[in-house]
Amino acid sequence: MQGKFTKDKNIYRKSFLIVFGILLAIALIGSLITARNLPKGLSQIAKKHNLKIGTAVSSWQLDDPQFASVLIRNFNLITPENEMKFELLSPAPGEYDFSGADKIIAFAKKHGISVRGHTLVWTNQLPKWLVNGNFSRDELIIILHNHIDTVVSHYRGQVSYWDVVNESLAPDGSISQDNFWMQHIGPEYIELAFRWAHEADPNALLFYNEANAEGKGLKADGLFMLANMLITQGIPLHGIGFEMHTGLGWSPKPDELAINIQRLADLGLEIHITEMDVRIIEPASLEDLYEQAKIYAEIVQTCLDATNCTAYSTWGLTDTLSWIPHIYPGTGSPLLFYGDYTPKPAYYAIQKVLEIK
């Protein structure tokens, strides 16, 4: 994997930035068109790049015909936003409710959409019976093993990618001590989880998913060292998920993201952008929306420039369905569609990058 920063690509990047302002102006006019009237959806355009375009969904959203139509038209990869997390799947010890996740899987299968399983091991959204239980270390190892085996086996052959371990790192790049599994099992929970997931479905691609480690810094370095260690130990790790929750003024720099992607490529790993959104302080101005569009376009461009970046997903379909306003009051407008499913400038910016590249 060579030639990432050749003279030709530098020239291309400069040309891309020059025409970007014109493309955003076109995007404003285009945003008056509804998604149903667009000539092509994002996933159709992305096919020539062998790039998956995805988004996060909840099962109840699939009952809305307009939601389903926009989803099918633009995305060929979906991630259950919550319904594959431990808390929702297992309401009581040894009991599982797969109804919500099964509905998403059935929808994806019907429409030829790939599925990203999210997530098998995370310190958040754990069932109360687990976190409040007085379990020994050995008992928790058995519980985690059984959970991974039960879930992955249930969806064997139906889930293409699994976020096996999610957000295990502290800001300084070390394994976080503020983590249920770290506190009760120790750092080996990470390698155990990957081994168990691989045993349950040897054909699924297994990812480690992390937030705020996309660019340059201690956490990004810690992520690289963790990935390198797992591979050196023969752990079945196939890729890294960059969540890419960003905002105006603090998104990762494209050149730093490119370097980070390349060094992980040198380890033989795929990269997926897994949860992208770009929050704005409300009310969002037109200038804000253009800046947001520029960030989305730069990340897509950087992904396309990398031979190992094979999927790009947003964390939700429309602004009104986003988690951002609920967790970060006063901010919002983070996604590609307005609440009425009208595409935003960010949508058209991505579309143009995919068409030009």
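Everything quoted here is computed from the prediction, not taken from an experiment.

When you look at the nonpolar core in this model, what are you seeing that I'm missing?
For soluble globular proteins, nonpolar side chains are generally found buried alongside one another. Of all hydrophobic cores here, the largest spans 98 residues; its most connected members are Trp162, Trp181, Phe194, Ile240, Phe242, Tyr312 and Leu354. Once you skip the residues sitting within four places of it in the chain, Trp162 turns out to touch Met84, Gly117, His118, Leu120, Val151, Val152, Tyr155, Ala204, Leu205, Leu206 and Phe207.

Which parts of the structure should I look at to understand the state of the cysteines?
One covalent bond between the sulfur atoms of two cysteine residues makes up a disulfide. All chains considered together, the criterion is met by 1 disulfide. Residue Cys303 pairs covalently with Cys309 via a disulfide, S to S 2.0 Å. Since a negative S-S torsion denotes a left-handed disulfide, the Cys303-Cys309 link at about -95° is left-handed.

Got a minute to help me understand the pattern of salt bridges in this structure?
Side chains that differ in charge, positive against negative, can pair when their charged atoms come close. Under the defined criterion, the tally for this structure stands at 8 salt bridges. Glu355 is the salt-bridge partner of Lys352, the closest N and O atoms lying 3.8 Å from each other. Remark: Glu355 and Lys352 occur in helix α14 (residues 345-356); sequence separation between them is 3 residues, near one turn of the helix. Taking relative accessible area as the criterion, Glu355 reaches 38% and is therefore assigned partly exposed.

Can you help me understand the pairing of strand β8 (residues 270-281) in this one?
The side chains of a regular strand alternate, residue by residue, between the two faces of the sheet. Buried residues dominate β8, accounting for 10 of its 12 residues. Sheet analysis places strand β6 (residues 239-242) next to β8, joined by 4 bridges and oriented parallel. What sits directly across from Gly241, in β8, is His272. Relative to β8, strand β7 (residues 245-247) is paired through 3 bridges, and the arrangement is parallel. What sits directly across from Thr246, in β8, is Val278. A crossover links β7 with its parallel partner β8, the connecting element being helix α11 (residues 254-265), and its sense is right-handed. Examined bridge by bridge, β8 and strand β9 (residues 309-314) share 4 bridges and lie parallel to one another. Note that in β9 the partner of His272 across the bridge is Ala311. On the question of chirality, the crossover connecting β8 to the parallel β9 by way of helix α12 (residues 286-305) is right-handed.

So what exactly am I meant to see when it comes to the packing of helix α7 (residues 137-154) against helix α9 (residues 189-200) here?
Geometrically, a packed helix pair is captured by the angle between its two axes and the distance between the axes. Taken N-terminus to C-terminus, the directions of α7 and α9 make an angle of 35°; their axes are 8 Å apart at the nearest point. With respect to the hand of their crossing, α7 and α9 are arranged in right-handed fashion. Of the residues in α9, those in contact with Ile141, Leu144, His145, Ile148, Asp149, Val152 and Ser153 of α7 are Ala193, Trp196, Ala197, Glu199 and Ala200. Residue composition of the contact of α7 with α9, by class: 8 nonpolar, 2 polar and 2 charged.

Quick question: what am I supposed to make of unusual backbone geometry here?
Where the residue is not glycine, phi is negative for most of them; where a peptide bond is considered, it is trans in most cases. In this chain, His118 is followed by Thr119 through a cis amide linkage whose omega measures -10°. One can find Thr119 in strand β3 (residues 114-121). Here Glu282 and Pro283 are connected by a cis peptide whose omega angle stands at 0°. Among the secondary structure elements, Pro283 is positioned in the loop between β8 and α12. Residue Ser333 is not a glycine yet carries a positive backbone phi of 50°. Summarising the element assignment, Ser333 is placed in the loop between β10 (331-332) and α14. Judged by relative accessible area, Ser333 falls into the buried class, the value being 12%. Notably, Tyr341 is not glycine yet its phi reads approximately 75°, a positive angle.

Explain α7 to me, please; I cannot follow it from the model alone.
In this model α7 runs 26 Å from its N-terminal to its C-terminal C-alpha over 18 residues, within 8% of the 26 Å that 1.5 Å per residue would give. Looking at the buried side of α7, the elements it contacts are α4 (86-89), β3, α6 (128-131), β4 (161-166), α8 (180-184) and α9.

When you look at the packing of aromatic side chains in this model, what are you seeing that I'm missing?
The relative placement of two aromatic rings is captured by the distance of their centres and the angle of their planes. In the structure shown here, the tally under the stated rule is 9 aromatic pairs. For the ring pair Tyr161 and Phe207, a centre distance of 6.0 Å and an interplane angle of 85° mean the geometry is edge-to-face. Residue Tyr161 is found in strand β4, and its partner Phe207 is found in strand β5 (residues 205-210); the two are separated by 46 residues along the sequence. Residue class for Phe207 comes out buried when judged on its relative accessible area of 0%. Measuring from centroid to centroid gives 5.0 Å for Phe180 and Trp181, while their planes differ by 90°, and the two rings are edge-to-face. Taken together through their ring pairs, the aromatic side chains of Phe86, Trp129 and Phe135 make up a single cluster.

Help me out: how do you make sense of the side chain of Arg279 in this one?
With respect to the secondary-structure elements, Arg279 resides in strand β8. Within the buried set, Arg279 has no salt-bridge partner at all; the shortest N-O distance to an opposite charge, 5.1 Å, is to Asp277. Ignoring anything within four residues of it in the chain, the contact list for Arg279 reads His245, Thr246, Gly247, Leu248, Trp250, Ile324, Tyr328, Thr331, Gly332 and Pro334.

The rules behind each value
- Residues numbered from 1 in each chain as written.
- Predicted model: local features only at pLDDT ≥ 70, side-chain atom pairs only at ≥ 80, totals over all residues.
- Heavy atoms only, no water.
- Core = buried A, V, L, I, M, F, W, Y, C linked by side-chain atoms within 4.5 Å.
- Buried < 20%, exposed > 50% of the residue type's maximum accessible area, 1.4 Å probe, protein only.
- Contact = heavy atoms within 4.5 Å.
- Disulfide = S-S within 2.5 Å.
- Salt bridge = Lys/Arg side-chain N within 4 Å of Asp/Glu carboxyl O.
- Helix = DSSP H or I, 4+ residues; strand = E, 2+ residues; numbered from the N terminus.
- Pairing = 2+ DSSP bridges.
- Right-handed = clockwise from strand over helix to strand, strands pointing away.
- Axes fitted to C-alpha atoms, helices over the stretch in contact; angles between N-to-C directions.
- Left-handed = near helix turned anticlockwise from the far one by under 90°.
- Nonpolar A, V, L, I, M, F, W, Y, C, P; charged D, E, K, R; others polar.
- Expected span 1.5 Å × (residues − 1).
- Phe/Tyr/Trp six-rings, centres within 6.5 Å; stacked < 30°, edge-to-face > 60°.
- Lys, Arg positive; Asp, Glu negative; His and termini not counted.

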